[in-house]
Amino acid sequence: MALSLVLEENIRYIQEHLPVRESFDFMTRHLYLGETPAFFLGVNGFCKTEVLQQIFSDLQNASYMADGKVDDIVRYMDGKLGYAQASLSDSWEDIFRNVLSGPTALFVEGYARAILIDARTYPVRGVAEPDVERVTKGSRDGFVETLLFNANLIRRRIRSERLIFSMHCVGEESKTDVAVAYIKNSVNEELLDKLTQRIDSLRVTALTMGTKSLEELLVHKNWWNPLPCLRMTERPDVACSYLLEGHILVLVDNSPQAMVLPCTIFQFTQSPEDYYRSPSVGTYFRLVRFLCIPVSLLLLPLFLLVTAGFPETARAWGLLSEEGMTPERLFFYVLAVEFLLDLFKYSSSISSGKFSGALSIVGGLIIGDIAVSLNWATVDVLFYAAITLLASLAIVDVDFSDAVRLYRILLIAGTGIGGLPGFLICLGLVLLSAVTTPTFGGFSYLWPLFPFNKKALGRLLFRSPTPRAQPSRIWNRGKVHR
């Protein structure tokens, strides 16, 4: 519906469609621009009060109105409204969406358009280093919950005229701002078109959990695919490196994360720490992280398989310190310790920082010693479980580490119940689950291993010096699947 030329009709429409009388945070004000009546609408807390006071003080100044009337709203906005971010709109939907997002609206008698003044401000925390992506060297800033600040952090690092942030709106009730960032002429245009069409076609009430909700809307996966389908990062330097390699970033307002498209399994093994060290040291720690994935996945299941299924081999290798351990008892020990370590890790992650140190001491010393004394575990099981936990913590991405944990529990259960055949069957299911993990655009989740790309695989396994690591072209990943 279009605006009316009569100001009172516009005010009546606002009162009918917005709770300006019931909700305390709406600001309304009747004004006079010389002799011309006007009406102001905004949301308290979203506006820079000092800026608006100066704007309205100037607009109502008699020296601004030589003839006492507003004869041309376009010339009036361009000539009298000194604030930089101002525009005109004749759509109620556009006006309401802007006002609820932060900008204010000024309605003038005799004109079927409103002046939108973008003097918004949001409650925001300080730009600080993300807890889950810490580095010993390098920048200490991270994304925050304000979309504009996140775009600024990227623009500050990539000052290219080809860097584009296209804005979209998702959610019939939340009307959440979603920005798609890419570098023109470097991005896969076919993938970009599919992404924008998918975002614009979403019909949902709200993005309740921000980037996570949008991820599940963009990529539909089954319950047997626990591996993450999209790479998330809270570090602007990591996001910019992906942009320069031809990837697409998706920024969601109220979420301190950026989604990276397309995604492969090898992206979850990368860390910015590699590039803040020398190439040889960075390569070494990158290979250590690669090794931590099979250690975290297979160490406990293989320990259970050898000690329970092949006791002579276990005694020859010195894997068990106690004699006469039955397979059932070992299976119970491994499951109990796996549950206790998962409980300990989860409790530490959600507890306050002032308690995490105490939890580490209690979990590492008291609980472990008491578990051995009460025959809930053995020293051998605790040792291999501790190595498994350390390997899990070395995996950079938390979602990927949690998925590996579920795979490990499946392998432990299959080994304890079915022995070697159960282990092999569950290992095959794990590989099948990883291979069939869906990605946006239908690219292979195992690229560049499949389809094989020797040069790209070498870049993933080995940290290249900066002159050789400069992105020069988009890697060929195949065609986008519609």
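Residues numbered from 1 in each chain as written. Predicted model: local features only at pLDDT ≥ 70, side-chain atom pairs only at ≥ 80, totals over all residues. Heavy atoms only, no water.

Trainee: Lay out the sheet that holds strand E3 (residues 86–89) with the relevant residues and their values.
Mentor: Strand order across the open sheet formed by five strands is E1-E2-E4-E5-E3, with antiparallel pairing between neighbours. If you trace the sheet from one side to the other, it starts and ends with strand E1 (26–33) and E3, each paired once. Across the sheet, the mean angle from the axis of one strand to that of its neighbour is 25°, orientation sign disregarded. Across four bridges, the pairing between E3 and strand E5 (residues 114–117) is antiparallel. Along E5, the bridge assignment pairs Ser89 with Ala114. (Pairing = 2+ DSSP bridges. Helix = DSSP H or I, 4+ residues; strand = E, 2+ residues; numbered from the N terminus. Axes fitted to C-alpha atoms, helices over the stretch in contact; angles between N-to-C directions.)

Trainee: Just give me the short version of the side chain of Arg289, but keep the residues and values in it.
Mentor: Residue placement: Arg289 occurs in helix H9 (residues 279–309). Excluding residues within four positions of it along the chain, Arg289 makes contact with Thr269, Gln270, Ser271, Asp274, Ala394 and Val396. (Contact = heavy atoms within 4.5 Å.)

Trainee: I'd like a description of the packing of H9 against helix H14 (residues 398–435), backed by residues and values.
Mentor: Where H9 contacts H14, the axes come no closer than 9 Å and their chain directions differ by 30°. If you check the angle between H9 and H14, you find them roughly parallel. With respect to the hand of their crossing, H9 and H14 are arranged in right-handed fashion. Of the residues belonging to the contact of H9 with H14, the class tally is 17 nonpolar, four polar and one charged. (Parallel < 35°, antiparallel > 145°, perpendicular 65-115°, else oblique. Left-handed = near helix turned anticlockwise from the far one by under 90°. Nonpolar A, V, L, I, M, F, W, Y, C, P; charged D, E, K, R; others polar.)

Trainee: Explain a nonpolar patch on the surface residue by residue, including any values.
Mentor: On the surface, Val281, Tyr284, Phe285 and Val288 cluster together to form a nonpolar patch covering roughly 330 Å² of accessible area. Mapped onto the fold, Val288 is located in helix H9. (Patch = residues over 30% accessible without salt bridge, like charges linked within 9 Å, V, L, I, M, F, W, Y side chains within 5 Å. Areas by Shrake-Rupley, 256 points an atom, 1.4 Å probe, with all protein chains shown as cover. Salt bridge = Lys/Arg side-chain N within 4 Å of Asp/Glu carboxyl O.)

Trainee: Tell me about the side chain of Thr439, and please be specific about residues and values.
Mentor: On the secondary structure map, Thr439 appears in the loop between H14 and helix H15 (454–461). Exposure remark for Thr439: the relative accessible area of 9% places this residue in the buried category. For Thr439, the residues in contact, after removing those within four places along its chain, are Val219, Cys263 and Tyr445. (Buried < 20%, exposed > 50% of the residue type's maximum accessible area, 1.4 Å probe, protein only.)

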